[in-house]
Amino acid sequence: MLDDFSDKLKAFYTAVSPVQELVTELSQEKSVRIFVKRDDLIHPLVMGNKWRKLKYNLQAAYSAGIDTLLTFGGAYSNHIIATASAGAHFGFRTVGVIRGEELSVDSNNRLIEVSNLGMRLYFMDRETYKLRYDVSLHDRLRDLYGQIYIIPEGGSNELALKGSSEIVPELPQRYDYYCCSCGTGTTAAGMASTIPLDSQLIIFPSLSKIKEQESLVHSYARSNNVLFNTDYLFGGYAKSGSDLTSFMATFQIPLDSVYTSKLFYGVYDLLRNDYFPRNSSVLLYHSGGYSLE
Ligand SMILES: *Cc1c(COP(=O)(O)O)cnc(C)c1O
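Reading guide: rules and limits
- Residues numbered from 1 in each chain as written.
- Predicted model: local features only at pLDDT ≥ 70, side-chain atom pairs only at ≥ 80, totals over all residues.
- Heavy atoms only, no water.
- Phe/Tyr/Trp six-rings, centres within 6.5 Å; stacked < 30°, edge-to-face > 60°.
- Helix = DSSP H or I, 4+ residues; strand = E, 2+ residues; numbered from the N terminus.
- Lys NZ or Arg CZ within 6 Å of the ring centre and 35° of its normal.
- 1 Å grid on protein atoms, 1.4 Å probe; cavity = no way out; pocket = protein on both sides within 12 Å on 5 of 7 lines; lining within 4 Å.
- Points joined across faces, edges and corners; volume = space filled by probe spheres on them.
- Nonpolar A, V, L, I, M, F, W, Y, C, P; charged D, E, K, R; others polar.
- Domains from an automatic or database assignment.
- Contact = heavy atoms within 4.5 Å.
- Polar contact = N/O pair within 3.5 Å; in protein donor to acceptor, adjacent residues only side chain to side chain.
- Buried < 20%, exposed > 50% of the residue type's maximum accessible area, 1.4 Å probe, protein only.
- Axes fitted to C-alpha atoms, helices over the stretch in contact; angles between N-to-C directions.
- Parallel < 35°, antiparallel > 145°, perpendicular 65-115°, else oblique.
- Left-handed = near helix turned anticlockwise from the far one by under 90°.

Asks: Give me the lowdown on the packing of aromatic side chains, citing residues and values where you can.
Replies: Within this structure, the stated rule accounts for 21 aromatic pairs. Ring centres of Phe35 and Tyr175 lie 5.3 Å apart, and the angle between their planes is 55°; on these two criteria the pair is classed as tilted. Pair noted here: Phe35 is in strand S2 (residues 33-38) and Tyr175 is in the loop between helix H8 (158-164) and strand S7 (177-182), with a separation of 140 residues, a long-range link. Each member of the aromatic cluster is reached from another via a ring pair, and the members are Phe204, Tyr232, Phe234, Phe247, Phe251, Phe264, Tyr265 and Tyr268. Lys162 extends its terminal NZ or CZ atom over the ring of Tyr56, reaching a point 4.1 Å from the ring centre.

Now the structure itself:
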């Protein structure tokens, strides 16, 4: 049975997501080669780093014989959509605990989408939501929903790290610089633990408070070759600016406004400012994101 499920997971992610080179006038002028690992192409909904983070959690839930996944998130969470969609695809029931008791299933298109995927939604008041890591709250949720496999907010746990550490080994070559977005820092930690020691990982956070992310990433890094660049926050999570908006609108591949647009904007700005030496190579990790409003 377990092997069946492993096969299902393998069948889902058969072709390794492609690496694409982005050649522009700027990259040619600077003699820097820019590559993108296109994890956004894995699946329309279960994609990007959300797939990396869910993969071993799905396996663990299945092995434990639990058929319901429960997770937490905001009304626009990418992780909530990915979980709803993965549940539908792999045959799990799903429950989404959404922050904000004032919300309802039809508050926005994303919530409509996840409920159409079969996810049951529990709208939790913000005070109770703060207890989302507490066992006592988990017990109350078990009283409501029966046996549940709980995935933390953002999908971030040890198994998510394991999934995220598979990105770099999949790449066809070594790069001088690896660049990624950062929310909880789980994806960055997975990459930090696997990049070559003589390369550098540059992490572009979307949140201004990053103490926990820094300590997580540094605890997984194998050397000092990791740095956070906070010059491209654009005011923080879910904030944007007209510069960023026009960059996104004209960029040659789809980007989301919370994470990947800041990453790509930042890398191209560094490129313009001669941060990357001539003849170096840069790999951007495209972690996905949705254009659903
Ligand atoms: C969730 C998400 C991130 C943040 O990933 P972490 O592992 O939490 O740092 C980055 N990019 C996209 C597109 C995401 O959906």
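From this point on, the discussion continues.
Asks: So what about the layout of surface pockets? Which residues, and what values?
Replies: Within this model, the second largest pocket holds a volume of roughly 150 Å³. Lining the second largest pocket, in full, are Ser6, Leu9, Lys10, Tyr13, Trp51, Arg52, Lys55, Tyr56, Gln59, Gly163, Glu166 and Glu170. Elements that contribute at least two residues to the lining of the second largest pocket include exactly helix H1 (2-12) and helix H3 (48-63). Among the elements that line the lining of the second largest pocket, the one with the most residues is H3, at 5 residues. By residue class, the composition of the lining of the second largest pocket is 4 nonpolar, 3 polar and 5 charged. Built from parts of two domains, the lining of the second largest pocket gets at least three residues from each of domain 1 (2-44 + 165-286) and domain 2 (48-155).

Asks: With reference to specific residues and values, describe the environment of Phe276.
Replies: Relative to the elements of secondary structure, Phe276 occurs in the loop between helix H12 (260-272) and strand S10 (281-286). Along the primary structure Phe276 and Ser31 are separated by 245 residues, whereas in three dimensions their C-alpha atoms are 9.3 Å apart. Excluding its chain neighbours within four sequence positions, the residues that come into contact with Phe276 are Val32, Tyr177, Ile202, Val267, Leu270, Leu271 and Val282.

Asks: Outline the side chain of Lys37, supporting the account with residue identities and numerical values.
Replies: Summarising the element assignment, Lys37 is placed in strand S2. Within the structure, the side chain of Lys37 is placed 2.9 Å from the backbone oxygen of Ser17, a separation counted as a polar contact.

Asks: Give me the environment of Ser261: which residues, what numbers.
Replies: Among the structural elements, Ser261 can be located in helix H12. For Ser261, a relative accessible area of 0% translates into the label buried. Between the C-alpha atom of Ser261 and that of Ser206, which follows or precedes it by 55 residues, the distance is 9.9 Å. Looking at Ser261, its side chain comes within polar contact range of the main-chain oxygen of Ser257, at 3.3 Å.

Asks: So what about the packing of H3 against helix H4 (residues 78-90)? Which residues, and what values?
Replies: Between H3 and H4, whose axes approach to 10 Å, the crossing angle comes to 45°. By the angle between their directions, the pair H3 and H4 is classed as oblique. Considering how the two elements wind past one another, H3 and H4 form a crossing that is right-handed. Residues Lys50, Trp51, Leu54 and Leu58 of H3 form the contact with H4, whose own contacting residues are Asn78, His79, Ala82, Thr83, Ala86 and Phe90. When the residues that make up the contact of H3 with H4 are grouped by side-chain class, the tally is 6 nonpolar, 3 polar and 1 charged.

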